[in-house]
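# Structure assessment
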Amino acid sequence: VADDETFRYQRLALPDAEQVPQNWIPMIDDCGILLRSRHWSNMISDMRFPDHAPFRGDMYLSRLLEGQRAWRNAVGNIGDSYLILAVDGETFGHHHKNAFADFLVPFFEEAQKRTAECRIVSLNDIFFSFKKIDMPREFLPEGSWSTSHEDMQNGIPYPLWAHPHNPFHVAWNKFFQHAFAYCGVHADDLQLQELMDSAFYSCSPWWATRDNPNDRKIAGWCLPMFKRIMELASQEVRQELVESYRAMQNFIEQNG
C-alpha cells in the first residue's frame, strides 16, 4: 500500500479524475500497488471537513460516496470502483478522544444501511477484483503519506525523517547507519540487538521537525538508548557515533 500523492505527482498532466486509478491496479516490477487516498484519509486524521461542517462518520461516508459518483461520471466508469483509507491507529481515542463514538460507529452503521452503494472489503479482495496494468518504476517515486508536491520538486522524499537541512535528521540518520553497520557484524550480541529494536523509532526525527521547543524535547527521548549503544560498541565505531550523538544533543539543548 502506497500513498496516492507520489503516484499522482507523475500524472499531473492528465485530468484530475484520471490521475489516480480507482478501477485498476498499477503493477510495478510484478508487484501490485494499492494506492491509499490521501484526500479522504486525511479528513479522518483531522476529523474535519475542508468546509468545517460538523464531522461525523455517517456524514463522512455520504460525502465519500458523492465523491465516488462524481469520479465515476467524470471517467465514464460503469463498473465497480475502490477507495482505500488508511490512518494511524492512534487517531482513534488518542488524538481524537471521541472518534469511536463520533466517527467509527456511525461510519459502519451508515455503511450497513447503504450496502447497495458500497461494501467494506479487504485489500486482498480489492487486489483480485480489478485489472492490473504494468507501469514503469518511476511512476512511484520515493515518499511517504507526509511528502508534499513541493517536497518532491525539491528532491526531499522524507521531509519528516531525512530532511537535508534539519541537523537532527542528518545526525540521527548518520548514527543509524553506523550503528546498524556495526550491529550487522555483531548480530550475536543480544543486548545490542534489543536496544537496536527499540531505539530507532520514527517519532524522534518526526518531533525534531516541530517548531514548539517543548515538542522538540521529545526528539531527545531516544538519546539515553543511543548512549547505551555507544557504550556497547567498539572504540572505533564509538568515535563515529559520538559525533552524531553530540549533534543531536546540541540540537535538543538549543531548541528544546
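A brief look at the structure comes next.

Here is what the cut-offs are and how they apply
Residues numbered from 1 in each chain as written. Predicted model: local features only at pLDDT ≥ 70, side-chain atom pairs only at ≥ 80, totals over all residues. Heavy atoms only, no water. Disulfide = S-S within 2.5 Å. Buried < 20%, exposed > 50% of the residue type's maximum accessible area, 1.4 Å probe, protein only. 1 Å grid on protein atoms, 1.4 Å probe; cavity = no way out; pocket = protein on both sides within 12 Å on 5 of 7 lines; lining within 4 Å. Points joined across faces, edges and corners; volume = space filled by probe spheres on them. Helix = DSSP H or I, 4+ residues; strand = E, 2+ residues; numbered from the N terminus. Salt bridge = Lys/Arg side-chain N within 4 Å of Asp/Glu carboxyl O.

## A closer look at the state of the cysteines
In the structure shown here, the tally under the stated rule is zero disulfides. Note on Cys 222: no disulfide assigned, nearest cysteine sulfur contributed by Cys 203 at a separation of 10 Å. Assessed through its relative accessible area of 0%, Cys 222 is described here as buried.

## Looking at the layout of surface pockets
By volume, the largest pocket amounts to about 1000 Å³. For the largest pocket, the lining is made up of 33 residues, of which Leu 83, Cys 118, Arg 119, Ile 120 and Val 121 are closest to its centre. Those elements that place two or more of their residues in the lining of the largest pocket are α4 (57–75), α5 (99–113) and α6 (123–129). The element contributing the most residues to the lining of the largest pocket is α4, with six residues.

## Examining the pattern of salt bridges
Enumeration over the complete set of coordinates arrives at twelve salt bridges. Taking the shortest distance from any N to any O, the salt bridge between Arg 38 and Asp 3 comes out at 2.9 Å. Here Arg 38 is found in helix α3 (residues 38–46), whereas its partner Asp 3 is found in strand β1 (residues 2–3), with 35 residues between them in sequence. Across the pair Arg 137 and Asp 29 runs a salt bridge whose closest N-O atoms are separated by 2.6 Å. Taken together, the positions of Arg 137 in the loop between β5 (131–134) and α7 (149–153) and Asp 29 in the loop between β2 (24–28) and β3 (31–32) put the pair 108 residues apart, joining distant regions of the chain. Comparing Arg 137 with Asp 29, the two get one shared label, exposed.

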